[in-house]
Amino acid sequence: MLFLTCLHCGLRSVEEFRYAEIPTVPETMTDPQAIDLDRGFFRTNREGEVTERWFHEFGCRRWITVRRDTRSDSILK
Amino acid sequence: MLLIPSTTLPASAPVVEGLAGWRVVADPASLDELSGTLPVPPPSAGRGVVLRFAPDDALVLGENEVVVTDPHAIVEPDTGWVSIQMTEEHALDLIATHALWPAPPERPVLVQGMLAGLSVKVYLDGNQSMIITAAPFGLELEERLGT
Amino acid sequence: MNEFVESKVRLRWPEELRSSYDVVIVGGGGHGLATAYYLATRHGITNVAVLERGYIGSGNSGRNTTVIRANYGVPEAVRFYQHSLELYQRLEDETGRWIMHKEKGLLWIAHTEMGLRAERARAALNQAYGSDTVFIGPEEIKAICPQIDLSGGGRYPVLGASYHPRGATARHDRVVWSLAEGAMRGGVEVHQRTRVIGLQVDADRILGVETDRGFIGAGTVLLALGGQVSTIAAMAGLRLPIRTHPLQAFVTNHYQQGLDAIVASTELLFYASQTARGEILIGAEIDRQPSYSYRSSYGFLSSCAGRALVLLPFLADLKVLRQWTGVCDMSPDYSPVMGPTDVQGLLVTTGWGTWGFKAIPAGGEAMAALIATGVVPSLIAPFGLDRFVNDRTLSDRGSAGTQ
Ligand SMILES: Cc1cc2nc3c(=O)[nH]c(=O)nc-3n(C[C@H](O)[C@H](O)[C@H](O)COP(=O)(O)OP(=O)(O)OC[C@H]3O[C@@H](n4cnc5c(N)ncnc54)[C@H](O)[C@@H]3O)c2cc1C
Ligand SMILES: [Zn+2]
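The structure contained in this document is the topic of the report that follows. (Residues numbered from 1 in each chain as written. Chains lettered and ligands numbered in written order. Predicted model: local features only at pLDDT ≥ 70, side-chain atom pairs only at ≥ 80, totals over all residues. Heavy atoms only, no water.)

On a plain count of helices and strands, chain C comes out with 10 helices and 19 strands. The C-alpha atoms of chain C give 21 Å as radius of gyration, which agrees with the globular expectation for 403 residues (22 Å, within 12%). The C-alpha extent of chain C, read off along each of the three principal axes, is 65 × 50 × 40 Å. By residue count, 59% of the 403 residues in chain C fall in the buried class. Surface exposure of chain C reaches about 15,400 Å², of which carbon and sulfur atoms provide 50%. In chain C, the 38 positive side-chain charges and the 38 negative ones have mean positions that sit 4 Å from each other. (Helix = DSSP H or I, 4+ residues; strand = E, 2+ residues; numbered from the N terminus. Rg over C-alpha atoms; globule rule 2.2 N^0.38 Å. Buried < 20%, exposed > 50% of the residue type's maximum accessible area, 1.4 Å probe, protein only. Areas by Shrake-Rupley, 256 points an atom, 1.4 Å probe, with all protein chains shown as cover. Lys, Arg positive; Asp, Glu negative; His and termini not counted. Charge placed at Lys NZ, Arg CZ, Asp CG, Glu CD.)

Okay, here's the thing in structure tokens:
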């Protein structure tokens, strides 16, 4: 199971957190409606290094930013 | 309003009790200061304690009033929490069996996380301890811990 | 037929990779192979290559818990999955292969008032759209599955269930091999250990695929890639409504008695069935983090086993034999995504998430028809990529389960 470090509470299992993607709409996309649609439904879903946000729902209820490799689930500095 | 959690030592079956305190949302520096000015716990001695939920968020127990230096602080009575009081030994035992995180060595300490699938905060002061959860989950917590 | 006396599955592996095909299917899972199978058998289209980076069935099609059912929660899905369920019933006759298809009946248990309402609604909707699901009470549940603790350990009382008598299972790798064999018999080439590493597009038209064995031209390219679909689609500049999440499952040692039905509970977040070898196969929810990691975890095992024990206390006497993970292409509305893309000649079949094994025959049949005729079959028209643009999403989270 994945473990994440909350800056306030310490190392906790991923079950305590809620995931949030940082939407990465491609820069080539300019039409506001297309951008909204992309943010709503479409995903980069990167196989590799990602930066993401997690909400520590079961603890301090604050957000943390995590760098992770989605191929191995290892946490990056 | 005197906000002191129960100091009754548990018999064999601890029960959930309402916990009334002050919820203080303020800048972290003023909360650090507040922790410094209040007498050192344990609350079992009937004195104040600052439970730091987050850098800018705390629940203060055992105080008649709370004054912080942050002029924009929000200080409100908060009765949304319940606690189960128990010996530290018992609390450590529950953490060992129902949580995926270790109890920190420092005392006094507030540790937060998932215990038996519920969101809890455990306060350990080397003597008395309490497991705190949001009021709606009190009975559920009691059942799950089988206390 | 018996596993030991039937003739060996004949997989005729091609040696040479040609420089082009009419159709290239990327991904040798159930969906890719079923599409190839139906192209050959229904449409006589055989200048087709299926490219698989590992071995066929090495993705989710060989890792799933093999539940086949049609008890979904939106009309379009009930129709689609019911058709697939019926194709599965005929698949042994059609392929001449024993896929160990077995009707078991599926109990979807409710423990709360809200759960009861959901299962009642499921039964009503299923009946209205041609799938056989009935709402039943605790006594009938006990009669179908005597092992269930109706008190739910005191905490999850069994209040009722929707019962889906046609719920079935089939041996997953036999499904994969039968379809591969049938496709190869029809003249399709299936190339294992052939990894696609790029897509070539010119002015919004697909030209072919780059592989680790060279370029292959194709008029039509179908991506049937399971959890890896986003990575490859991005090579043609495509963004998909897909997020990849691991899904774990585990199996116990042999259980002496029969657990005849498939048992599922949304509130306890688990489902269980018995394999032909007598093992109890258990699954639950996806891992929380989007990920391509195949690592299994003790955390999942202990929490899932704990929940399963609540309803099926006999599990306490069994031991865990194996645990494994697949990576699933989850769509935002828990419905599949099938059809054309903005790139001409490039098609996708994805969004199969944790529920796509049951859809292999119908998904393959429909994609084959689309490739052969150029027309999107009405059965899958609601599941196109355009539904997100047109505000026609098919939200069905409550029915997706993970089976
Ligand atoms: C634990 C688990 C339990 C499940 N339980 C059920 C269930 O009970 N009922 C149900 O209906 N569904 C279930 N599912 C879902 C079901 O398994 C999948 O939806 C289905 O198998 C998808 O088939 P597919 O052909 O689309 O993908 P896959 O079978 O994953 O096939 C994709 C193939 O593409 C290959 N590939 C990847 N990258 C490349 C590349 N670059 N080049 C070439 N080839 C590549 C992979 O190796 C793989 O073989 C479960 C899934 C899991 C993981
Ligand atoms: Zn925290």
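All names here are of chain A. For the zinc ion (ligand 2), the protein coordination sphere consists of Cys6 (SG), Cys9 (SG), His56 (ND1) and Cys60 (SG), at 2.0 to 2.5 Å. Taken together, the four donor atoms coordinating the zinc ion (ligand 2) and their angles of 99 to 125 degrees define a geometry best described as tetrahedral. In the primary sequence, the donor residues of the zinc ion (ligand 2) line up as C-x2-C-x46-H-x3-C. On the criterion of sequence distance, the pair formed by Cys6 in strand S1 (residues 3-6) and Cys60 in the loop between strand S4 (49-56) and strand S5 (63-69) is long-range, its members being 54 residues apart. Of the residues examined, Cys6 reaches a relative accessible area of 3% and is grouped as buried. When its relative accessible area of 4% is taken as the criterion, Cys60 is described as buried. (Donors = N, O, S within 2.8 Å, 3.2 Å for Na, K, Ca; no water. Tetrahedral: all angles 85-135°; square planar, octahedral: opposite > 155°, others 65-115°.)

Now for the sheet that holds S5(A). Residue and element names in this part refer to chain A. Strands sit in the order S3-S4-S5-S6 across an open sheet of four strands; the sheet is antiparallel. Across the chains shown, the open sheet's two edge strands, defined by having one partner strand only, are strand S3 (17-21) and strand S6 (74-76). If you compare each strand with its neighbour and ignore which way they point, the axes differ by 45 degrees on average. In this sheet, S5 lies alongside S4 in antiparallel orientation, the contact comprising seven bridges. From the neighbouring strand, Glu49 faces S5, where its bridge partner is Asp69. (Pairing = 2+ DSSP bridges. Axes fitted to C-alpha atoms, helices over the stretch in contact; angles between N-to-C directions.)

Moving on, we get to the interface of chain A and chain C. Across the contact, 25 residues belong to chain A and 24 residues belong to chain C. Note on chain A versus chain C: buried area summed over both sides is about 2,200 Å², and carbon and sulfur give 51% of it. Taken together, the links from chain A to chain C amount to two salt bridges. In this structure, Arg239(C) engages Asp38(A) in a salt bridge whose closest nitrogen and oxygen atoms are separated by 2.7 Å. Viewed at the interface, chain C and chain A are joined by 17 residue pairs in polar contact (both at pLDDT 80 or more). Partitioning the side of chain A that touches chain C into residue classes produces 11 nonpolar, five polar and nine charged. (Contact = heavy atoms within 4.5 Å. Buried area = accessible area lost by both parts, 1.4 Å probe. Salt bridge = Lys/Arg side-chain N within 4 Å of Asp/Glu carboxyl O. Polar contact = N/O pair within 3.5 Å; in protein donor to acceptor, adjacent residues only side chain to side chain. Nonpolar A, V, L, I, M, F, W, Y, C, P; charged D, E, K, R; others polar.)

Residues and elements named next belong to chain C. Taken together, 40 residues lie around ligand 1, and Glu52, Asn60, Ser61, Thr65 and Lys358 are the ones closest in. Within the side chain of Glu52, a nitrogen or oxygen atom sits 2.6 Å from an oxygen atom of ligand 1. Here a nitrogen atom of ligand 1 sits 3.3 Å away from a polar atom, N or O, in the main chain of Thr354. Protein coverage of the free-state accessible area of ligand 1, which is 1,000 Å², stands at 99%. When residues of the shell around ligand 1 are traced back to their parent elements, those giving at least two are helix H1 (30-43), strand S13 (243-254) and strand S17 (320-330). Taken together, the residues of the shell around ligand 1 sort by class into 14 nonpolar, 21 polar and five charged. Two domains share the shell around ligand 1, each providing at least three of its residues, namely domain 1 (20-64 + 172-242 + 332-400) and domain 2 (106-165 + 244-328). (Near = heavy atom within 4 Å. Domains from an automatic or database assignment.)

Before going further, it helps to spend a moment on helix H8 (residues 360-373) of chain C. Residues and elements named next belong to chain C. For H8, spanning 14 residues, the distance from its first C-alpha to its last is 20 Å, which sits close to the expected 20 Å at 1.5 Å a residue. With 12 of 14 residues buried, H8 is to be regarded as a mostly interior element. Residues Ile360, Pro361, Ala362, Gly363, Gly364, Glu365, Ala366, Met367, Ala368, Ala369, Leu370 and Ile371 constitute the buried set of H8. Where H8 ends, the next residue or the one after it, Gly374, has phi of about 80 degrees, a positive value. (Expected span 1.5 Å × (residues − 1).)

In an α-helix, one turn spans 3.6 residues, which is why side chains three or four residues apart end up on the same side. All names here are of chain B. Buried residues of helix H2 (residues 88-98): Glu88, Ala91, Leu94 and Ile95, and no others. Relative to the axis of H2, the buried residues are bounded by an arc of 125 degrees and lie together on one face. Residues of H2 that are exposed and point more than 90 degrees away from the buried face comprise Glu89, Ala96 and Thr97. Looking at the buried residues of H2, the elements they touch are strand S4 (74-87), strand S5 (109-115), strand S6 (118-124), strand S7 (128-134) and helix H3 (138-145). (Arc of directions from axis to C-beta.)

The next thing to look at is a nonpolar patch on the surface. Residues Met1(A), Phe3(A), Leu11(A) and Leu100(B) make up a contiguous nonpolar surface patch of roughly 340 Å² in combined accessible area. Mapping Leu100(B) onto the fold places it in the loop between H2 and S5. When its relative accessible area of 49% is taken as the criterion, Leu100(B) is described as partly exposed. (Patch = residues over 30% accessible without salt bridge, like charges linked within 9 Å, V, L, I, M, F, W, Y side chains within 5 Å.)

Don't take any of this as a statement about function, it's just geometry.
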